[in-house]
Amino acid sequence: MEIDSSSMIKLETLSTVSSSPTEKIHLRPMTLSDVDDFMVWATDSNVTRFCTWEPYTSREAAIAYLNDVVLPHPWLRAICLDNDRPIGSISVTPVDKIRGEIGYVLGSKYWGKGIATEAVRLVAAEIFKENPEMERLEALVDVDNVGSQKVLEKVGFVREGVMRKFMYLKGNVRDMVMFSFLPSDSLQY
Amino acid sequence: MESPIIFLRPFNLSEAEDVLKWAGDDDVTRYLRWDSVKTLEEAKQHILNKAIPHPWRRSISLLKHGRSLGYVSVKPDSGDGRCRADLAYAVAKEFWGRGIATAAVNMAVEQAFEDFPELVRLQAVVEVENKASQRVLEKAGFRKEGLLEKYGFSKGVIKDMFLYSFVKDDCFV
């Protein structure tokens, strides 16, 4: 049986994710000057596999995305290592007054180190204080995106169920797993 | 219980009086997102502004040209969500317990997949305490996918909801 590189990355994620990452991360707003770091993960098809968008192919398109989507976003943060350069991003998008949907993306070089888990945990710990009206943080994950499901489970999100044939992802209708985290839920470390 | 024969048809302004009978009943609108209409004029506005412009909303009757005794609606999402649609329904209280909502849902599911070719999934959220509506969906072959906590508002109160779905390959019960 052939094991391709994306399976290797997934196996690594499953077996070596620890509850505290090997490198310290912090979150901060993104700026236009982050465009080149953004291109590192946004051009990677391993990273965009479960994203609704295709890998970026031009710096102009990346700048447009930063201007049109990232900068005006109500809550989006760069995930940074000690050198303050982004290696991914995480966001909470309002669905309505009481619900927010969390989404995150991380450069594949940094998978398997517990970084996404730590970023989600940081957000889950702070978002309800910043948004007191929010009653529910939710995440929709493709059934095949096991790595991302593990991230949410490690933080303490509740797996509520599988929504069959819920949405299109790159031309195919996909089953999506619904997760939630409420202000009354406990974070796991 | 044998399923009743029912008819579905688009709404017409001329049926405002019949609509007022069920849309004006708090017991009927209790778990719906909209409040009861209070007057004939409000019933007319409801038909004009909500029922008629809706992408797919049907009046339920027991005779082909009989009076409206409820509604069933299918609202497709758009973009990446164009494969799914939200189902809603209500029946006049005097007609509860006869399988009318189930029959209307069965008919709506069949027609919706024909009328919306991109549709693959019909879904409905139901409050945990609304057991009658859960039974309607289960009898119509919907599957309960999970409990979504603090999922939505109902009459100003945040509620936990069950999520149900019927996917194109599912069989009618």
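Look a little higher up for the structure.
Think of each chain on its own: its residues are numbered from 1, step by step along the sequence as written. As they are written, the chains are lettered A onward and the ligands numbered 1 onward, keeping that order. Residues qualify for local features only when their pLDDT is at least 70, as the model is predicted, and side-chain atom pairs are given and counted only at 80 or more; totals for whole chains, interfaces and linings, by contrast, use all residues. The side-chain values count all of the structure's non-hydrogen atoms but skip hydrogen atoms and water molecules.

Draft legend 1. Focus on the sheet that holds strand E4 (residues 99–106) of chain A. Residues and elements named next belong to chain A. We treat two strands as partners when DSSP finds at least two bridges between them. Helical segments are the DSSP runs of H or I of at least four residues, strand segments are the runs of E of at least two, and each set is numbered from the N terminus. The seven strands lie next to each other as E1-E2-E3-E4-E5-E7-E6, forming an open sheet whose pairing is mixed. Each having just a single partner strand, strand E1 (26–28) and strand E6 (158–169) make up the two edges of the open sheet. Averaged over neighbouring strand pairs, the angle between their axes works out to 30 degrees when direction is ignored. Pairing of strand E3 (residues 86–94) with E4, which is carried by seven bridges, proceeds in the antiparallel orientation. Looking at the pairing, Val92 lines up with Ile102 of E4. In this analysis an axis means a line fitted to C-alpha atoms, helices contributing only their contacting stretch, and an angle means the value between N-to-C directions, from 0 to 180 degrees.

Draft legend 2. Inspection of a nonpolar patch on the surface at higher detail. Residues and elements named next belong to chain B. A contiguous nonpolar patch, built from Leu13, Leu48 and Ile52 and spanning about 240 Å² of accessible area, is present on the exposed surface. For Leu48, the position within the fold is in helix H3 (residues 40–51). Judged by relative accessible area, Leu48 falls into the partly exposed class, the value being 40%. By definition, no residue in a patch forms a salt bridge, and every one has over 30% relative accessible area; like charges are joined within 9 Å, nonpolar side chains (Val, Leu, Ile, Met, Phe, Trp, Tyr) within 5 Å. Surface accessibility follows the Shrake-Rupley procedure with a 1.4 Å probe radius. Residue values consider only the protein chains on display as shielding. A pairing counts as a salt bridge when a side-chain nitrogen of Lys or Arg comes within 4 Å of a carboxyl oxygen of Asp or Glu. Exposed residues in this analysis have more than 50% of their type's maximum accessible area, buried residues have under 20%, and partly exposed residues fall in between, with area computed by a 1.4 Å probe over protein chains only.

Draft legend 3. Just the side chain of Ser89 of chain A, in detail. Here Ser89 of chain A lies in strand E3. Any two residues whose heavy atoms approach within 4.5 Å are treated as being in contact. Not counting residues up to four positions away in its chain, the partners in contact with Ser89 of chain A are Met30, Trp41, Leu76, Arg77, Ala78, Ile79, Gly103, Tyr104 and Val105 of chain A.

Draft legend 4. Up close: the nonpolar core. In plain words, nonpolar cores are sets of buried Ala, Val, Leu, Ile, Met, Phe, Trp, Tyr and Cys residues tied together by side-chain atoms within 4.5 Å. Among the nonpolar cores identified, the biggest contains 48 residues, and Leu87, Leu122 and Phe142 of chain B are the most heavily contacted of them. Of all the secondary-structure elements, those providing two or more residues to this core are helix H1 (16–23), H3, strand E3 (70–76), strand E4 (84–91), helix H4 (100–115), strand E5 (121–127), helix H5 (131–139) and strand E7 (157–167) of chain B. It is H4 of chain B that contributes the most residues to this core, nine residues altogether. Among all residues touching Leu87 of chain B, those that are not within four sequence positions of it are Val72, Ser73, Val74, Val105, Leu122, Gln123, Ala124, Leu137 and Phe142 of chain B. Core analysis: the next-biggest nonpolar cluster, separate from the first, contains 29 residues, Ile25, Leu106, Val141 and Phe179 of chain A among them.

Draft legend 5. Focus on the packing of helix H5 (residues 115–130) of chain A against helix H6 (residues 146–155) of chain A. All names here are of chain A. With their axes 9 Å apart at the nearest point, H5 and H6 run at an angle of 45 degrees to one another. Accordingly, the angle class assigned to the pair H5 and H6 is oblique. At the point where H5 passes H6, the crossing takes the right-handed sense. From H5, Ala116, Thr117, Val120, Arg121 and Ala124 reach across to H6, where they touch Val151, Leu152, Lys154 and Val155. As a working rule, the residues Ala, Val, Leu, Ile, Met, Phe, Trp, Tyr, Cys and Pro are called nonpolar, Asp, Glu, Lys and Arg charged, and the rest polar, with Gly in that last group. Looking at the contact of H5 with H6 residue by residue, the classes come out as six nonpolar, one polar and two charged. Working rule for angles: under 35 degrees goes down as roughly parallel, over 145 as roughly antiparallel, 65 to 115 as roughly perpendicular, anything else as oblique. If you view the pair so one helix is near and one far, a crossing is left-handed when the near helix is turned anticlockwise from the far one by less than a right angle, and right-handed when it is turned clockwise.

Draft legend 6. The arrangement of the interface of chain B and chain A in detail. In this assembly, 24 residues from chain B lie in contact with 19 residues from chain A. Buried area between chain B and chain A, summed over both chains or domains, comes out near 1900 Å², and the portion from carbon and sulfur atoms is 57%. Put simply, chain B and chain A have one salt bridge between them. The salt bridge involving Glu145 of chain B is made with Arg164 of chain A; its shortest N-O contact spans 3.4 Å. Elements represented by at least two residues in the side of chain B that touches chain A include exactly E5, strand E6 (143–154) and E7 of chain B. Looking at which element gives the most residues to the side of chain B that touches chain A, the answer is E6 of chain B, with ten residues. For the side of chain B that touches chain A, the residue count by class is ten nonpolar, four polar and ten charged. Put simply, buried area is how much 1.4 Å-probe accessible surface two parts lose in total, over both of them, once they are put together.

Draft legend 7. Broad picture of the packing of helix H2 (residues 35–42) of chain A against helix H4 (residues 59–70) of chain A. All names here are of chain A. Packing of H2 against H4 leaves a shortest axis separation of 10 Å and a crossing angle of 105 degrees. Judged by the angle between their axes, H2 and H4 are roughly perpendicular. Along the contact surface, H2 presents Val35, Asp36, Phe38 and Met39, while H4 presents Arg59, Ala62, Ile63, Tyr65 and Leu66. Residues that form the contact of H2 with H4 fall into these classes: seven nonpolar, no polar and two charged.

Worth remembering: the numbers are spatial, not functional.
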